[in-house]
Amino acid sequence: MDLPRVAAFTDTYLPTHNGVTYTVQTWRDRWHRRGGRMDVVYPDGDHHAGEGEYPVSSLPFPFYEGFRVGVPGVPEAVDNAEVVHAHSPFSLGLAGMRLARKHDLPMVASYHTPTSEYAEYLAFTRPIERAVERSAEEYERRFLDRTDVVVAPSERTADHVRDTVGTATTVEVVSNGVDVDFFRPVETERFRRRHDIPDGPLVGYTGRHGYEKNLEAIVDATEGLDATLVFSGDGPARADLERAADQADVDAHFLGWVDREELPSFYSALDVFAFPSPVETQGIAALEANACGTPVAGVASAALADTIDQGETGYKAPPDDVSAFRDVIERTLAERDRLGEECLARRESISVERSVDRLADVYDQLL
């Protein structure tokens, strides 16, 4: 089957570190390996554009440091696309929609993150935050209703798009997938030495430090526990997270963003990947940890309720229950070896290759 030429429009891309960036980049690489073409249109920044990458002018986003808002332009180089795939409903997603309408092309929209998740960054009181959330869902519905198919990374997220956002567009589940060739168990001694991490059990997290991720629960749940905490990543909540760790009885190490090449070492070094976020659409970091043989202690909320297989790839607690979260961390530590073997046995089932197979089916059905 000849693969269609795809124009992907995203409001976040390299060098920004997040799940959307890695998904767009990994899908694009796999599409190219199969002989297809997937161009990426994204806000300009510090990333040096390679072949098939087209930055557009952008401005800093005033409410969230590190994010940029792209001017919704359509580079001439993507005019010959056969499918448009928007990874955001905002500026560059709208640019993608304009391209699709101009040439009567099928349009796919990925639902990566509920827009309402960022309401607290834009509001100063809870009533205003609720109003922002309602407006965000209404905007999402109008955008998605104008597309041909929505892809969601998990069943829970697909249900949210159908039932809460309320789009009339067909919703298909396409996991973001994990590059299991890259995320695999590796030796960790050099990593621990490089970052001055002591011997003994490790509990850690990597990713964006956003308030909506509820990361202080990791500090609260491990206070007094015989384990070292390791945080990789950065974001607006980091300063408060460091303050909480300073005031608690924990040995916490904050590494900032580690190079992507170090992530398999980071995951492999951990005994438990702690993931208390109640807002994940899939929780790709949990699957990356599993691919490295590391079980997850998380919460039974949003997509993590399905992403974590209870008693097999980790354990999950009710959200907003620090005592229960501590219990699942301790249980995961105690069963680390058995759980790690279960994680490794499922590597192929979470591979990005399967995800791209599914993505190709979605495109094919539209053409």
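A quick note: this is a predicted structure, and the numbers were derived from the prediction, not measured. (Residues numbered from 1 in each chain as written. Predicted model: local features only at pLDDT ≥ 70, side-chain atom pairs only at ≥ 80, totals over all residues. Heavy atoms only, no water.)

J.: Looking at this structure, I do not really get the overall build of the chain. What am I missing?
T.: Along the backbone of the chain there are 14 helices and 15 strands. Computed over C-alpha atoms, the radius of gyration of the chain comes to 20 Å, within 12% of the 21 Å expected from 2.2 N^0.38 for 367 residues, which places it in the range of a compact globule. Residues counted as buried form 56% of the 367 residues belonging to the chain. In the structure as shown, the chain presents an accessible area of about 15,700 Å², 46% of it carried by carbon and sulfur atoms. Side chains of the chain give 37 positive and 65 negative charges; the mean places of these two sets differ by 3 Å. (Helix = DSSP H or I, 4+ residues; strand = E, 2+ residues; numbered from the N terminus. Rg over C-alpha atoms; globule rule 2.2 N^0.38 Å. Buried < 20%, exposed > 50% of the residue type's maximum accessible area, 1.4 Å probe, protein only. Areas by Shrake-Rupley, 256 points an atom, 1.4 Å probe, with all protein chains shown as cover. Lys, Arg positive; Asp, Glu negative; His and termini not counted. Charge placed at Lys NZ, Arg CZ, Asp CG, Glu CD.)

J.: Explain the pattern of salt bridges to me, please; I cannot follow it from the model alone.
T.: Proximity of charged atoms lets side chains of opposite charge pair with each other. Evaluated as defined, the whole model comprises 28 salt bridges. The shortest N-O distance in the salt bridge between Arg 346 and Glu 312 comes to 1.9 Å. A residue pair is termed long-range when its members are at least 10 positions apart, and Arg 346 in the loop between helix H13 (336-345) and helix H14 (352-366) and Glu 312 in the loop between helix H11 (304-307) and strand S15 (314-317) qualify at 34 residues. Given a relative accessible area of 25%, Arg 346 falls into the partly exposed group. Residue classification places Glu 312 among the partly exposed positions, given a relative accessible area of 31%. Each of the salt bridges in this network shares a partner with another, and the network as a whole consists of Arg 30, Arg 34, Asp 179, Glu 353 and Asp 357. (Salt bridge = Lys/Arg side-chain N within 4 Å of Asp/Glu carboxyl O.)

J.: Quick question: what am I supposed to make of a negative patch on the surface here?
T.: Together, Glu 216, Asp 220, Glu 223 and Asp 249 make up a region of like negative charge exposed at the surface. Positionally, Asp 220 belongs in helix H7 (residues 216-222). (Patch = residues over 30% accessible without salt bridge, like charges linked within 9 Å, V, L, I, M, F, W, Y side chains within 5 Å.)

J.: Just to check I follow, could you spell out the pairing of strand S7 (residues 107-110) for this structure?
T.: The side chains of a regular strand alternate between both faces of the sheet. Of the two faces of S7, both are covered, the one formed by Met 107 and Ala 109 as well as the one formed by Val 108 and Ser 110. Remark: the strand S6 (residues 83-86)/helix H2 (residues 91-103)/S7 crossover connection has right-handed handedness. The sheet contact formed by S7 and strand S8 (residues 149-152) spans three bridges and is parallel. When the bridges of S8 are listed, Ala 109 appears paired with Val 150. (Right-handed = clockwise from strand over helix to strand, strands pointing away. Pairing = 2+ DSSP bridges.)

J.: Would you mind going over the sheet that holds S7 with me for this structure?
T.: Across a sheet, strands are paired by hydrogen bonds formed along the backbone, either parallel or antiparallel in direction. The strand order across the open sheet formed by seven strands is S3-S2-S1-S6-S7-S8-S9, and the pairing between neighbours is parallel. The sheet terminates laterally at strand S3 (53-56) and strand S9 (171-173), the two strands that pair on one side only. Between one strand axis and the next, the sheet turns through 25 degrees on average, direction left out of account. (Axes fitted to C-alpha atoms, helices over the stretch in contact; angles between N-to-C directions.)

J.: Explain unusual backbone geometry to me, please; I cannot follow it from the model alone.
T.: What you tend to see is this: most non-glycine residues have negative phi, and most peptide bonds are trans. Of note, the phi angle at Asn 214 is positive, near 60 degrees, even though the residue is not glycine. As for its placement among the helices and strands, Asn 214 is situated in the loop between strand S10 (202-206) and H7. Here the phi dihedral of Asp 320 falls at roughly 60 degrees; this positive angle occurs in a residue that is not glycine. Take Asp 320: it is sitting in the loop between S15 and helix H12 (322-334).

J.: What is the right way to read the nonpolar core from this model?
T.: One broad rule of soluble globular proteins: the nonpolar side chains tend to lie buried together. Grouped together as the largest cluster of nonpolar side chains are 54 residues, with contacts concentrated most on Val 178, Ile 218, Val 219, Tyr 267, Phe 273, Phe 275 and Phe 325. With near-sequence residues (within four places) excluded, Phe 325 lies in contact with Ala 217, Ile 218, Ala 221, Ala 274, Phe 275, Pro 276, Ala 297, Gly 298 and Ala 317. Residues Ala 7, Val 41, Leu 99 and Ala 152 belong to the second largest nonpolar core, which totals 25 residues. (Core = buried A, V, L, I, M, F, W, Y, C linked by side-chain atoms within 4.5 Å. Contact = heavy atoms within 4.5 Å.)

J.: Looking at this model, I keep getting lost on helix H8 (residues 238-247). Mind explaining?
T.: Owing to its 3.6 residues per turn, the α-helix brings residues three or four apart onto one side. When we look at burial in H8, the residues that qualify are Arg 238, Leu 241, Ala 244 and Ala 245. For H8, the angular spread of the buried residues around the axis is 120 degrees, confining them to a single face. For H8, exposure combined with an orientation more than 90 degrees from the buried face picks out Asp 246 and Gln 247. In this structure, the buried residues of H8 make contact with H7, strand S11 (228-232) and strand S12 (251-256). (Arc of directions from axis to C-beta.)

J.: How should the packing of aromatic side chains be read in this particular structure?
T.: Given two aromatic rings, their pairing is described by the distance between the two centres and the angle made by the two planes. For the structure on display, the rule yields 12 aromatic pairs. Between Tyr 13 and Tyr 42 the ring centres are 4.8 Å apart and the planes differ by 45 degrees, which places this aromatic pair in the tilted class. Here Tyr 13 is found in the loop between strand S1 (5-9) and helix H1 (19-33), whereas its partner Tyr 42 is found in strand S2 (residues 37-43), with 29 residues between them in sequence. Across the pair, Tyr 42 and Tyr 13 agree in class, each one buried. Arranged with centres 5.4 Å apart and planes meeting at 90 degrees, the rings of Trp 31 and Tyr 363 form a pair that is edge-to-face. Here the residue Trp 31 occupies a position in helix H1, and Tyr 363 occupies one in helix H14, the gap between them amounting to 332 residues. (Phe/Tyr/Trp six-rings, centres within 6.5 Å; stacked < 30°, edge-to-face > 60°.)

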